[in-house]
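# Structural characterization, general
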Amino acid sequence: DQQVKQNSPSLSVQEGRISILNCDYTNSMFDYFLWYKKYPAEGPTFLISISSIKDKNEDGRFTVFLNKSAKHLSLHIVPSQPGDSAVYFCAASAGSGGSNYKLTFGKGTLLTVNP
Amino acid sequence: NAGVTQTPKFQVLKTGQSMTLQCAQDMNHNSMYWYRQDPGMGLRLIYYSASEGTTDKGEVPNGYNVSRLNKREFSLRLESAAPSQTSVYFCASMTGVEPQHFGDGTRLSIL
């Protein structure tokens, strides 16, 4: 049973436009959410996170929105740049740290930003 | 500033062979993790070590063993490799409330 779902395997947008990547979760215990970005032949790198006590977190061009009632989060990238082309993974955890801290990942969404 | 280093980067094995994947971090992190990534499957947790001297199973531990050798190093062992273990393996580390930091992966093919 997949607890973190990214239902769009791929997304293509034009440079300068907004990219919106979506993620749904089923486990009510999840209260901390992260987005990771992954380029080919590299490991995932942390992008942005949000705690369940917030509904929005911004970092430059990247904004994550959390809708707890719908168990849904989204990552907005504005404006999109060709260098943003990568696989984006949504991840969730129960708690943001501690001795039994574990992440559950979605399957990822391949974002392609066309010049 | 190496971060998380995984060795080897690539490996081809025959079915039944054994292999140890090495991971070392230089960030003084307490917790370390092993994941596998398969096409269309995202990252799945194999084993993790919350602190030196402890290890626990993740989502897909069958066919693997781990050793937390010291605070820096966390190895993953395949005792008898199977084609189903062909995958990209990622090691990660973290401490406190920081996000996990990942290595660049080991690409393992089992024939």
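Everything in this summary refers to the structure shown in the same document. (Residues numbered from 1 in each chain as written. Chains lettered and ligands numbered in written order. Predicted model: local features only at pLDDT ≥ 70, side-chain atom pairs only at ≥ 80, totals over all residues. Heavy atoms only, no water.)

## Quick word on the layout of surface pockets
Which entries qualify depends on this criterion: In this analysis the probe radius is 1.4 Å and the grid spacing 1 Å, with only protein atoms considered; a cavity is a set of points the probe fits into but cannot get out of, a pocket is an open set with protein on both sides within 12 Å along at least five of seven lines, and lining residues have an atom within 4 Å of a point. Grid points are joined across faces, edges and corners, and a volume is the space filled by probe spheres set on the points. For helices the rule is a DSSP run of H or I covering at least 4 residues; for strands it is a run of E covering at least 2, with both sets numbered from the N terminus onward. In this classification, Asp, Glu, Lys and Arg are treated as charged, Ala, Val, Leu, Ile, Met, Phe, Trp, Tyr, Cys and Pro as nonpolar, and every other residue, Gly included, as polar.
Size it by volume and the largest pocket reaches roughly 460 Å³. Together, 19 residues line the largest pocket, and Asp1(A), Gln3(A), Thr104(A), Phe105(A) and Glu59(B) are the ones closest to its centre. Of all elements in the fold, only β10 (104–105) of chain A together with β5 (42–49) of chain B reach the threshold of two or more residues within the lining of the largest pocket. Sort the elements by how many residues they give to the lining of the largest pocket and β5(B) lands first, with 3 residues. Here the lining of the largest pocket is built from residues that sort into 7 nonpolar, 7 polar and 5 charged. Of the volumes computed, that of the second largest pocket is approximately 230 Å³. Mapped by element, the contributors of at least two residues to the lining of the second largest pocket are β5 (45–51) of chain A together with β10 (101–102) of chain B. Each residue belonging to the lining of the second largest pocket can be placed in one class, and the counts come to 7 nonpolar, 6 polar and 2 charged.

## Structural notes on the pattern of salt bridges
As a reminder of what qualifies: Salt bridge, as used here: a side-chain nitrogen of Lys or Arg that lies within 4 Å of a carboxyl oxygen of Asp or Glu. Using a 1.4 Å probe on the protein chains alone, a residue whose accessible area is under 20% of its type maximum counts as buried, one over 50% counts as exposed, and one in between counts as partly exposed.
All chains considered together, the criterion is met by 6 salt bridges over all chains. Its salt-bridge partner being Glu58(A), residue Lys56(A) comes within 3.7 Å of it at the nearest N-O pair. Judged by relative accessible area, Glu58(A) falls into the exposed class, the value being 51%. Here Arg44(B) ties to Asp38(B) by a salt bridge, and the two come within 2.7 Å at their closest N and O atoms. For the pair Arg44(B) and Asp38(B), one class covers both residues: buried. One connected set of salt bridges, linked through shared partners, spans Lys37(A), Arg61(A) and Asp84(A).

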